[in-house]
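The chain contents come next:
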Amino acid sequence: MKILSKSGFAAFVNALIQDTSRDVEGVKAKGPKFVFGPLDSASELRLDYDVTILPPKKYVLPQYENMMKFDIAQGKMVMTEQPKGKIIIGVHPYDIAAIMQMDKFYLDTHVDDGYLARRKNILIIGSNIQNVSEKGFYGAMGTSTVDSGYDLFITDLGDSYAIDIGTEAGGQLLGAACQRDATPEEAQKAKSINDGVAERSRRDLRVKPSSWHDILKKSFDSPVWKEQADKCLVCNSCTLVCPTCFCYDVTDEISLDMNTGLRKRTWDGCMLRDFTSIGSGEVFRENVEDRYRHRFNRKGMYLPDGFGFVACVGCGRCATQCVPDIADPVNLFNKLAAGTTALLAEKQLAPVGVSDLGAASGKGPLFVPMPATMKRVDKLTEDETLFEIGLDNGQPMNYQPGQFVEVSVMGIGEAPISISSAPGRDTFQLVVRNVGDVTNALHAMKAGDKVGIRGPFGTGFDTEGLKGKNLLFIGGGLGIVPMRSFINYVLDHRDDYGQVTILYGCKDPDALLFKDEIEEWDRRDDIQHMRTVDTCVEEENWDGEVGVITTIMPLVTFDPANTIGVVVGPPIMYRFVNKSLLSMGMPEENIIVSLERRMKCGVGKCGHCQINGIYVCKEGPVFNYKDVKQHPEAFE
């Protein structure tokens, strides 16, 4: 630990500002409040602040970030250049803890290249908390102090600053500015000052953070959720100011030349209605109550399960900004705890350490698509078109049936689309319904046109593990599209599987997909096949059944106890089909489903596809029914 006089510290900060190799930002006054912003001189720096309006997460995950630039005419898609490095001065311990959580989230198995490049180019100078904010409860969350996550950390001793060097880069930055080491008495004084903040910043939180998980688990149907959510204005302020809310959306902006443009990442929030909306129109958290509950479950249950940390650092910003006063975790958890009969045993959560910022994905930029070309475009119905695509690098797409890709139409955007063809070919096929901007642009394409492809993503069907099994395919509507990939794989390797039965239902004869292939199914004697439509007018030429798909399930012969049911269809179908299979004697572990959600990023970062604690894009979209049946949001 070093000691620097206050005048010496001001000179140190001014020297950093004058050195233009990095931008220097710090806490400044904005009227009666405080913000992080560019520093023109050390005199602007306010280390006596209580809390800033926005957290410093805006430096590692900006509100608006250029992820990629593209040139449609040239067929180029490249990451944008990273901005100049930054030095952030005055970061409080709770915000340092939040950044370490972001490091763990964004630099896990799928390294976010843009985040990593930016994070490695930022130096953090933390500072002790001199004034406790009215709503802050970081003392109760254990984040009033940190012992890592910073390059330098300064503590105001009154007439001087004690400076702890956290990294080699921090030591190099400090250089010769400090003339002496701290005495044991000064080091102890600095420790006492920082430790003393905890007692002043607990508020009245009566529930230990380690107990939040079990309280939330017991309180899914608590009336507290509706009582609080009924007051919500759905303004999303709570997520915008939260240092541990890091969900995002991605959009394209095209230039006036209609050829060049940028792909941008922007902050998003789970309190907004369209956060879970998908192309076909379903919104999987339509009710404010569900969105309100999800926000707290994510912080106190889902992220602890997945990453080992409670995603709240007690800064109190959400409580400060919420007009109806329902966002405060202190009040919410006290209310929930009052409604539980007893607190369950504490969970031991793993400490959040600094991630290895030297790590790299090793697979190229995560969010830059691979150039690809439309090889064939076939109109299947009025709304659905089949696209056969080849990667421009000439390599086959290695994927499992049931996986999906992110398809980019530059200047319009990106959409997740299930692969519909069996693997093992140089090209792959997608079937797309025209329901939104990206799909509308795809429907205007022809052979030879260019798209971008990321993936494949997700967990597909276990083709190896299911060998030798009897298979019952039940597809409804567009569910036949990803199911077709597995069906054709099984038919390509017919001797590897047992009895095969295919049931396919759609709304009317005009909506039937893959008619030529279905006729081929009829001619095969090694499979059973039936099809049905919801409605059929008398003059239509239809040789199948009429009725919902559950009406034809008793008409085929199979052994429920020794058959694997593969179910893919619209959300409402699962409830009835799964119930019918169970009533017929099929074990729940024999039911496999593929779930649709808004799989925006494909790698579990953006948050849109989350079902309770599951990221559909990473852990799905193919699931065993037994594994997801206990999640209330899975089949609603």
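Look up: the structure comes first, before these words.
Residues numbered from 1 in each chain as written. Predicted model: local features only at pLDDT ≥ 70, side-chain atom pairs only at ≥ 80, totals over all residues. Heavy atoms only, no water.

Draft legend 1. Representation of the sheet that holds strand β21 (residues 528–533) in the model. Here we have seven strands laid out as an open sheet, ordered β22-β21-β20-β19-β23-β24-β27, and mixed in their pairing. Only two strands of the sheet have a single partner each, and these edge strands are β22 (545–546) and β27 (622–624). Alignment of β21 against β22, held across two bridges, turns out to be parallel. Note on β22: the bridge partner recorded for Val533 is Val546. Across the sheet, helix α15 (residues 480–492) lies against β19 (470–476), β20 (500–506) and β23 (563–568), angled at about 155° from β19, the strand it touches most. Each of β19, β23 and β24 (591–594) touches helix α17 (residues 571–583); the most contacted strand, β23, lies at about 170° to it. (Pairing = 2+ DSSP bridges. Helix = DSSP H or I, 4+ residues; strand = E, 2+ residues; numbered from the N terminus. Contact = heavy atoms within 4.5 Å. Axes fitted to C-alpha atoms, helices over the stretch in contact; angles between N-to-C directions.)

Draft legend 2. Representation of the pattern of salt bridges. Overall, the coordinates contain 47 salt bridges when judged by the stated rule. Notably, a salt bridge pairs Arg293 with Glu289, separated by 4.0 Å at the nearest N-O pair. With Arg293 and Glu289 both in helix α11 (residues 288–307) and four residues apart, this pair spans about one turn of that helix. What makes Glu289 partly exposed here is its relative accessible area of 25%. Overlapping salt bridges bring together Asp23, Glu25, Lys84 and Lys86 as one network. (Salt bridge = Lys/Arg side-chain N within 4 Å of Asp/Glu carboxyl O. Buried < 20%, exposed > 50% of the residue type's maximum accessible area, 1.4 Å probe, protein only.)

Draft legend 3. Here's a closer look at the state of the cysteines. According to the stated counting rule, one finds zero disulfides in the structure shown. Free of any disulfide, Cys318 has its nearest neighbouring cysteine sulfur in Cys315, separated by 6.3 Å. A disulfide-free cysteine, Cys601 has its sulfur positioned 3.8 Å from the sulfur of Cys606, the nearest such atom. By relative accessible area, Cys601 is classed as buried at 3%. (Disulfide = S-S within 2.5 Å.)

Draft legend 4. Expanded view of unusual backbone geometry. Cis geometry marks the peptide bond from Gly455 to Pro456, where omega comes out at 5°. Position of Pro456 among the secondary structure elements: in strand β18 (residues 450–457). Across the junction of Gly620 and Pro621, the peptide omega takes the value 5°, indicating a cis bond. Along the chain, the position of Pro621 falls in the loop between α18 (616–619) and β27. Phi at Val234 takes a positive value of approximately 50°, unusual for a residue other than glycine. Tracing the backbone shows Val234 in the loop between α9 (223–229) and α10 (237–240). Residue Asp325 is not a glycine yet carries a positive backbone phi of 60°. Within the secondary structure, Asp325 is located in the loop between α12 (317–321) and α13 (329–338).

Draft legend 5. Main features of the pairing of strand β2 (residues 23–30). Two elements, β2 and strand β6 (residues 86–91), share four bridges in a ladder whose sense is parallel. Note on β6: the bridge partner recorded for Gly26 is Ile89. Strand direction decides the pairing type here: β2 and strand β3 (residues 33–38), joined by six bridges, are antiparallel. Within the sheet, the bridge partner assigned to Gly26 lies in β3 and is Gly37. Where β2 hands over to β3, the hairpin turn is made up of two residues, of which Gly31 adopts a positive phi near 65°.

Draft legend 6. Just the nonpolar core, in detail. Counting residues in hydrophobic clusters, the biggest one holds 118 residues, and the most contacted among them are Phe473, Ile474, Ile480, Leu503 and Leu581. If one sorts the elements of this core by residue count, helix α3 (residues 93–106) sits on top with nine residues. Discounting residues that sit within four places of it in the chain, Ile474 has contacts with Met483, Leu503, Ile549, Met553, Val566, Val567, Val568, Met573, Val577 and Leu581. Judged by nonpolar contacts, the second largest core, of 29 residues, contains Cys232, Cys322, Val330 and Ala337. (Core = buried A, V, L, I, M, F, W, Y, C linked by side-chain atoms within 4.5 Å.)

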